[in-house]
Amino acid sequence: MKRHKLLSIALASTVMFTTGCSLDEYNPSGVSTDQEWSTPSGFEKKVNDCYFDLIRIVYGQAEDTYLMVAEGGTDIWQDANPEGTNGNWSKLMRYEDFGSSNGMLNEGYAGFYAILNSCNAAIQYADKVRDMTPEAINALVAEAHFIRAHALFNIVEQWGGKYLPLVPTTSPVSAPKCSTVNEFYKVILDDLDFAMKNLPVTQEVKGHVTRAAAYHLYAKACLTYSTYTDGLGNVTALTEAESRKLLEDAKTAADYLITNAAALGVKLYDDVDKVFDERNNKNNDESLFIVCHSTITAYNPRGNYFNRVWKHAEAFNANTSGIFLDGMVASYATEVNGFAVPKLAKGNCYMEPSKYMLDLYGEKDKRYKAFFKDTYYVNKANDVTGTKYTWSQADATRYRLDAARVGNHAFDITLGDTAVYISRKPMTQAERDAKRYATFTVDMNYANPAKPLKFFPSLKKADTPSLYAGSNANKPYSAADCIVYRLGETYLLSAEIEWRLGNLPAAKSRLDDLRNRSCEGHDHSMDVSTSEINADFLLDENAREMIGEWNRWMTLKRFRAFESRIAKANPQITRFDKNIHYLRPIPNAEILLIDNPEEYQNPGY
């Protein structure tokens, strides 16, 4: 079985993380594996191995397909290819010709099972470690328990109750047994219970998990599991009493984390502008669990081609079908001919926010400006002085602007000045023609909401120009860390938990805290009333706050809301089938190599 054969290879690897985001190769040179991993330094390396494929495969250093798996095919993201002809990327976003042959599923599936295997190995060796106190061993192995819970949570929510090995896989598994969703969550919650009790509050090594993250994921896992009263997938349906007990446990964990945030080493930023300010990327006070990427090339598993997670939602693709001018070029230069210019990296332009998503932000909601990029700047001169961009006919036509600007120096744009602006507000043709720079409105881009164009605001949460790496801005990558969990989400989870328990004033309090830090002037004008709080409002608020953070697909699943939300917000998706698409297909890379493919594959694929 190919996947688990690969896992056994990963298990034997001696490449481990020993410093924040750094690699250390260790050759025991005659010392047996059991002897090495049972020493304090060897066991620490074994625990560090649990982080390896989080970085190498899932969050940043592969093709970053898991971002699209975790966010795509939902109400808030659309295929940026209007005709849906971008191969497997388009199929994933639209559920069209979508099945086990779609390679977009491979990274997440293989990555999380590789992570699981590494964690199983670390947990197995915990009882064999010599010359360490029980407290020190528990603190270390608690990291493996947390990461295993994280991997299993993603596996069970995306693919359902599948193979659940709890010891290292050291040989091929020809006929993997399907475990139930209930069995998955039993392990997940037990792992997180152990992690909450034993993880340190702080870590010397950046990127290693701390206790706060365990409380967050415990609340999220309990909340998610509580929704299985309907028997979705391979599960024994929960009773209402069992569901409520899970919600009460989720509330206890979320309340503890929020109330004791300072003691646990985290805080909710007082202004949303700070959350994804690139200056805070490497030391983010709101983050609970991060995946590190280093500015030192040798410290990254994939060497010179690391984090690219931000590229899929970037509109600038150096392509004339979308945001482009002859005065813009992919470049890391910050000065051209004496003029300061911003860096500009070429993105993939694979996915764009839906019109519904962009319309969710009110006038006073600062999250739109904090999370999206709508302005581009001239960084290439084409005039004789080498300092300005002069309009060409092709560029004027692309933006549907009057030809009077073509070759007209009154419309020249100096290096470093605005080149393109995507406006959320409607503009008349006269208003657009009067600007020296190009304008395109959101309404124009989504005139046909099933076939949006490529002139859209780009999500910039993970885009950190100061951490761009390499030398080729046409094939950029970044040393930015990936924030997987943060305290802002804990507030949203807490509000949802309170709503499900019927505690609307408590839900309102959590939402108001989150919304007021995003409100212009922080004057509480974005506070909500208890009568407004329902499933749709919570889904809208989750979208406003959490877009692009590996959440949306599982959030819609938790609310059983794919059908209603897709119909409401994404006319591009016409083939969603509730009897099939609440689970992802097991990839062919697995199915074609096992003896029980019909039993193991999810229904409908």
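This is a predicted model, so every value here is computed, not measured.

Caption draft 1: Seen up close, the sheet that holds strand E12 (residues 418-423). Across the sheet, which stays open at both edges, the three strands sit in the order E9-E12-E13 with mixed pairing between neighbours. Strand pairing shows two members of the sheet lacking a second neighbour, strand E9 (375-377) and strand E13 (438-441), which therefore form its edges. Taking the axes of each pair of neighbouring strands and ignoring which way they run, one obtains an average angle of 10° across the sheet.

Caption draft 2: Local environment of the packing of aromatic side chains. Counted according to the given criterion, the structure contains 32 aromatic pairs. With a centroid separation of 4.1 Å and an interplanar angle of 20°, the aromatic rings of phenylalanine 440 and phenylalanine 455 are classed as stacked. Pair noted here: phenylalanine 440 is in strand E13 and phenylalanine 455 is in the loop between helix H16 (442-445) and strand E14 (458-459), with a separation of 15 residues, a long-range link. Residue phenylalanine 440 shares its accessibility class with phenylalanine 455, and that shared class is buried.

Caption draft 3: Spatial organisation of the side chain of asparagine 280. Tracing the backbone through its elements, the reader meets asparagine 280 in the loop between helix H11 (240-259) and strand E4 (287-291). At a separation of 2.8 Å, a polar atom in the side chain of asparagine 280 contacts the main-chain carbonyl oxygen of lysine 274. Residue contacts for asparagine 280: discarding those within four places in its chain leaves Tyr269 and Lys274.

Caption draft 4: How the structure looks around the packing of helix H17 (residues 487-501) against helix H19 (residues 535-546). Packing of H17 against H19 brings their axes to within 10 Å, and their N-to-C directions diverge by 175°. With respect to H19, the axis of H17 lies roughly antiparallel. In this structure, H17 uses Glu489, Leu492, Ala495, Glu496 and Trp499 to contact H19, whose residues at the interface are Ala535, Leu538, Glu541, Asn542, Glu545 and Met546. Looking at the contact of H17 with H19, its residues break down into six nonpolar, one polar and four charged.

Caption draft 5: Structural detail: the pairing of E12. Alignment of E9 against E12, held across three bridges, turns out to be antiparallel. Of the residues in E12, the one forming a bridge with tyrosine 377 is threonine 418. Sheet topology places E12 next to E13; four bridges connect them, and they run parallel. Looking at E13, one finds that valine 420 is bridged to alanine 438.

Caption draft 6: Main features of the environment of alanine 237. Mapped onto the elements, alanine 237 comes out in the loop between helix H10 (211-225) and H11. Separated by 10 residues in sequence, alanine 237 and threonine 227 have C-alpha atoms that sit 9.2 Å apart. In contact with alanine 237, not counting residues within four places along its chain, are Tyr228, Thr229, Asp230, Gly231 and Glu242.

Caption draft 7: Looking closely at the side chain of arginine 558. Position of arginine 558 among the secondary structure elements: in helix H20 (residues 552-558). Excluding anything up to four places from it in sequence, arginine 558 contacts Leu223, Thr224, Thr227, Leu493, Glu496, Arg500 and Asn542.

Caption draft 8: Here's a closer look at the packing of helix H18 (residues 504-516) against H19. Where H18 meets H19, the closest approach of the two axes is 12 Å, and the angle between their N-to-C directions is 30°. Looking at the two axes, H18 sits roughly parallel to H19. The two elements H18 and H19 meet at a crossing, and its hand is left-handed. Packed against H18, whose contacting residues are Leu511, Leu514 and Arg515, the element H19 presents Phe537, Leu538, Glu541, Arg544 and Glu545 at the interface.

Caption draft 9: Inspection of H10 at higher detail. Here H10 contains 15 residues, and its C-alpha end-to-end distance of 21 Å stays within 8% of the 21 Å for a straight helix at 1.5 Å per residue. In terms of burial, H10 is largely enclosed, as 14 of its 15 residues are buried.

Caption draft 10: The environment of threonine 39, seen in detail. Among the structural elements, threonine 39 can be located in the loop between helix H2 (33-37) and helix H3 (40-48). In sequence terms threonine 39 and tryptophan 553 are 514 residues apart; their C-alpha atoms lie 42 Å from each other. Ignoring anything within four residues of it in the chain, the contact list for threonine 39 reads Val129 and Arg130.

Caption draft 11: Fine view of the pattern of salt bridges. Taken as a whole and assessed by the stated rule, the structure comprises 50 salt bridges. When the shortest N-O distance is used, the salt bridge between glutamate 549 and lysine 461 registers 2.6 Å. With glutamate 549 in the loop between H19 and H20 and lysine 461 in the loop between E14 and strand E15 (468-469), the pair connects residues that are 88 residues apart, well separated along the chain. With respect to class, glutamate 549 is no different from lysine 461; both count as buried. Salt bridges linked by common partners bring Glu286, Asp365, Arg367, Lys461, Arg486, Arg515, Arg517, Glu541, Arg544, Glu545 and Glu549 together as one network.

Caption draft 12: Layout of the nonpolar core. Formed by 188 residues in total, the largest nonpolar core has its most connected members in Phe146, Trp391, Tyr399 and Val420. Broken down by element, this core gets its largest block of residues, 14 residues, from helix H8 (residues 134-159). Not counting residues up to four positions away in its chain, the partners in contact with phenylalanine 146 are Leu192, Ala195, Leu199, Val209, Ala213, Ala214, Leu217, Phe289 and Tyr485. Phe306, Ala469, Tyr477 and Ala479 belong to the second largest nonpolar core, which has six residues in total.

Caption draft 13: Expanded view of the pairing of strand E17 (residues 482-486). Burial analysis of E17 places five of its five residues in the buried class, which makes it a mostly covered element. One ladder, built from four bridges, connects E4 with E17; its direction is antiparallel. Note that in E17 the partner of isoleucine 290 across the bridge is isoleucine 483.

Caption draft 14: Representation of unusual backbone geometry within the structure. Positive phi outside glycine occurs at tyrosine 95, with the angle close to 60°. Along the chain, the position of tyrosine 95 falls in the loop between helix H6 (87-94) and helix H7 (106-125). Taking relative accessible area as the criterion, tyrosine 95 reaches 3% and is therefore assigned buried.

Conventions and cut-offs
- Residues numbered from 1 in each chain as written.
- Predicted model: local features only at pLDDT ≥ 70, side-chain atom pairs only at ≥ 80, totals over all residues.
- Heavy atoms only, no water.
- Pairing = 2+ DSSP bridges.
- Helix = DSSP H or I, 4+ residues; strand = E, 2+ residues; numbered from the N terminus.
- Axes fitted to C-alpha atoms, helices over the stretch in contact; angles between N-to-C directions.
- Phe/Tyr/Trp six-rings, centres within 6.5 Å; stacked < 30°, edge-to-face > 60°.
- Buried < 20%, exposed > 50% of the residue type's maximum accessible area, 1.4 Å probe, protein only.
- Polar contact = N/O pair within 3.5 Å; in protein donor to acceptor, adjacent residues only side chain to side chain.
- Contact = heavy atoms within 4.5 Å.
- Parallel < 35°, antiparallel > 145°, perpendicular 65-115°, else oblique.
- Nonpolar A, V, L, I, M, F, W, Y, C, P; charged D, E, K, R; others polar.
- Left-handed = near helix turned anticlockwise from the far one by under 90°.
- Expected span 1.5 Å × (residues − 1).
- Salt bridge = Lys/Arg side-chain N within 4 Å of Asp/Glu carboxyl O.
- Core = buried A, V, L, I, M, F, W, Y, C linked by side-chain atoms within 4.5 Å.

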